[in-house]
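# A closer look at the structure
What follows is each chain in one-letter form.
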2 protein chains.
Amino acid sequence: MRITVLAGGVGGARFVRGVREECARRWPATGSGPTDGGSGGDTHTAGIASTGIGSTGTNGPATSADITVVVNTGDDLWLAGVRLMPDFDSLLYSLAGVNDTERGWGRAGESERVSAELREWGVGWPWFTLGDLDLGTHLARTSWLRDGLRPSDVAERLQRRWPLGVRLIPATDTEVDTWVQVDPADPAVDGRAELHFQEWWTRFRAGITARAFSQRNLADARPAPGVAEAIADADVVLFAPSNPVVSIGTILGVPGIREALATTRAPIVGVSPIIGGSVVRGMADACLHTIGVETDAAAVGLHYGSRRPAQGAAGGGLLDGWLVDETDAAALPSLEEAGLHATSVPLWMRDLDTSAALAGAAIDLAARIRDER
Amino acid sequence: MRITVLAGGVGGARFVRGVREECARRWPATGSGPTDGGSGGDTHTAGIASTGIGSTGTNGPATSADITVVVNTGDDLWLAGVRLMPDFDSLLYSLAGVNDTERGWGRAGESERVSAELREWGVGWPWFTLGDLDLGTHLARTSWLRDGLRPSDVAERLQRRWPLGVRLIPATDTEVDTWVQVDPADPAVDGRAELHFQEWWTRFRAGITARAFSQRNLADARPAPGVAEAIADADVVLFAPSNPVVSIGTILGVPGIREALATTRAPIVGVSPIIGGSVVRGMADACLHTIGVETDAAAVGLHYGSRRPAQGAAGGGLLDGWLVDETDAAALPSLEEAGLHATSVPLWMRDLDTSAALAGAAIDLAARIRDER
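An account of the accompanying structure is given in this report. Keep in mind that this is a model prediction, so the values were computed, not measured.

### Side note on the relation of the copies chain B and chain A
Rotating chain B by 180 degrees and translating it 0.0 Å along the rotation axis places it on chain A, where the RMSD comes to 0.0 Å. Classification of the inter-copy transformation places it as that of a two-fold axis.

### Topic: the pairing of strand β14 (residues 341-345) of chain B
Residues and elements named next belong to chain B. Pairing analysis gives five bridges linking strand β13 (residues 321-325) to β14, with the strands arranged parallel. Along β14, the bridge assignment pairs Leu-323 with Thr-343. The parallel pair β13 and β14 is bridged by helix α12 (residues 332-337), and the resulting crossover is right-handed.

### Notes on the nonpolar core
Phe-15, Leu-168 and Leu-323 of chain A together with Phe-15, Leu-168 and Leu-323 of chain B are the most contacted members of the largest nonpolar core, which has 125 residues in total. Non-local contacts of Leu-168 of chain A, meaning those with residues more than four positions away in its chain, are made with Val-69, Val-71, Phe-88, Leu-91, Leu-92, Leu-95, Ala-155 and Gln-159 of chain A. Counting 58 residues, the second-largest nonpolar core is a separate cluster that includes Val-182, Phe-213, Ile-251 and Ala-331 of chain A.

### Description of the interface of chain B and chain A
One widely used convention gives an interface's size as the accessible area the parts lose upon coming together. Taken together, the contact pairs 30 residues of chain B with 30 residues of chain A. Counting each side, the surface lost to burial between chain B and chain A is near 2,600 Å², with a carbon and sulfur contribution of 64%. Its largest share of buried area at the contact with chain A, chain B owes to Arg-113, Trp-121 and Arg-161 of chain B, together 29% of the area lost on that side. Here Arg-107 of chain A ties to Glu-117 of chain B by a salt bridge, and the two come within 2.9 Å at their closest N and O atoms. Put simply, chain B and chain A have eight residue pairs in polar contact (both at pLDDT 80 or more) between them. Going through the elements one at a time, α3 (113-121), α4 (132-146) and α5 (151-161) of chain B are the ones with two or more residues in the side of chain B that touches chain A. By residue class, the composition of the side of chain B that touches chain A is 15 nonpolar, seven polar and eight charged.

### So, the pattern of salt bridges
All names here are of chain B. Scanning all chains against the criterion turns up 43 salt bridges over all chains. Note that Arg-373 is salt-bridged to Asp-320, the shortest N-O span being 3.7 Å. Taken together, the residues span a long stretch of sequence, with Arg-373 in the segment after α13 (352-372) and Asp-320 in the loop between α11 (297-304) and β13 at a distance of 53 residues. We classify Arg-373 as partly exposed; its relative accessible area is 47%. The buried category is assigned to Asp-320, whose relative accessible area is 4%.

About the thresholds
Residues numbered from 1 in each chain as written. Chains lettered and ligands numbered in written order. Predicted model: local features only at pLDDT ≥ 70, side-chain atom pairs only at ≥ 80, totals over all residues. Heavy atoms only, no water. Least-squares fit on C-alpha atoms with pLDDT ≥ 70 in both. Pairing = 2+ DSSP bridges. Helix = DSSP H or I, 4+ residues; strand = E, 2+ residues; numbered from the N terminus. Right-handed = clockwise from strand over helix to strand, strands pointing away. Core = buried A, V, L, I, M, F, W, Y, C linked by side-chain atoms within 4.5 Å. Buried < 20%, exposed > 50% of the residue type's maximum accessible area, 1.4 Å probe, protein only. Contact = heavy atoms within 4.5 Å. Buried area = accessible area lost by both parts, 1.4 Å probe. Salt bridge = Lys/Arg side-chain N within 4 Å of Asp/Glu carboxyl O. Polar contact = N/O pair within 3.5 Å; in protein donor to acceptor, adjacent residues only side chain to side chain. Nonpolar A, V, L, I, M, F, W, Y, C, P; charged D, E, K, R; others polar.

What follows is the structure in structure tokens.
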């Protein structure tokens, strides 16, 4: 079973943990023991997930399924001399089990000695903390980039430290940092017409009206090595319940990725990031508002659109199936009408079990779509 | 009084502290109170040392003398994605009073959380520790370099945090990292014919025979802004008792610096880094051996040579005067014979007073040379 997931950071990480867990239950690693979250064998090998043989790493359940995650890079930035890839690192730390579950981001047991110095030097953003352990990752990445490695090479190296049981690939090796167009007359922005996404998101908590989002270099970007193949060769493609505009949206904006999605034989199933008209986590509503999409599970599904629209509906969409929460079950007929196979299931990922159940529902919907073809 | 000092790192820092102290005693800052090492006023201004008005910073005694230090950059390197300038930082930390006096290098109160992570990532050199506080400096520098600042601009910014009472300028803005040619058959070097100076120095403690030293890009380097002027306009130029080969030697190798020294009207006085045939600190003997100079106070003085050689002696040297330790007083006649004004004084810098006394002796020798012209 080959599953490819398009995902952003924190919410994406929660979903991917569920996918990994569910796969371990359905397709346990060959030769490994019970799959209930332990280390099933003693053949830990760095990077084994990318071999497609399955993983017996210590950081997650062992599965024979080949899980690839195409990671949003639109949140990435240069800060204080180092390259940050926040969504990638969120996935890395979370899947490795070294994330700070209290705070919801960064490394567990983090400290901020270097950040205190950077504030003294007036370098970086005082409202954007770089933890010491986290800085180790950024320095390693920056060092390897200086050595000439591509971000996808760096991603592969970072995953050697902790066998994740999944393979993370940045969507593109091109730097496609997102910038947010704002009103320069807004007193908070000091006359600037554009803010880096991280400033808009982290400093202003998306509280300043975004006129538009634009990703640098996006027209010239190409999918990172392995991305198009992972979509083309998948048995199932899933859209994590990540921000449809700046996370999934950035991935989809990389030339070549829409084409790969359009032509893959795998069913493509998305999971709504909206429950009952509210964002599950993050501030996707502010982003949706900017692109004129309602904060509504059905509206986001229709924004992605159907690959095989029903008669009379507009074509050129991305999805075959769409999962909404049970509270949004009333929207199912309109989604089906637009050509989407839609199902309502419990969408809240409260813990590993509910995340796995959600992943299972997405995989089941994909199987149903394949069977109905 | 304008004093310009050519200096390397730790030994240079000790000497420059002495120069600053001695200047405060001889030429106290106008309008400031007692000069015995306290903060003489309340008009702390970042960068005031570069105005030539003198400094009333909290980090050193106040003097009206204008002290400029031309800092060796041959020890600099890229490591773990950041730019290190070890000699500059040694001077900065020491003059700011934030250096670790126990260990002899780095910041006081240092920790190594990031370094532990870098070891996990296999990035950097396990035998070259980057302290957390120190990394703050490296990240600030690297960030500013990424923004397009020159190393000399970065140096100026770093000095804003702590008014030093002296102005530090890197000898050149060009990256002139020193590499050491070694025997590739030496089992310790894994077949390499060349090591970065820091590997040879810090990892191997200069214990592998150096066939030669070469500085990258040195032929294309130019003095950093202010360096040639500081030499040309000085009343006194001093060579700190730093490594004559890889510290002072690198500074002298920057095209334009020898010319500035040759033409300045200021007397040029050097201080021997060798006492009684031994290196005061560091491993300069290994470096001297490589360039065929004896580890001997007189030999190093003659290696620098006299600007105004006595009849029959070789010309084209760099110095007017040379200070040796009292134990090396027997060498004075041969130095005088070679055209150098030589004096023997206590050379050990055990504390601030002995450092100041040594600086005073160098300034006195310069005055004597000027008077005798």
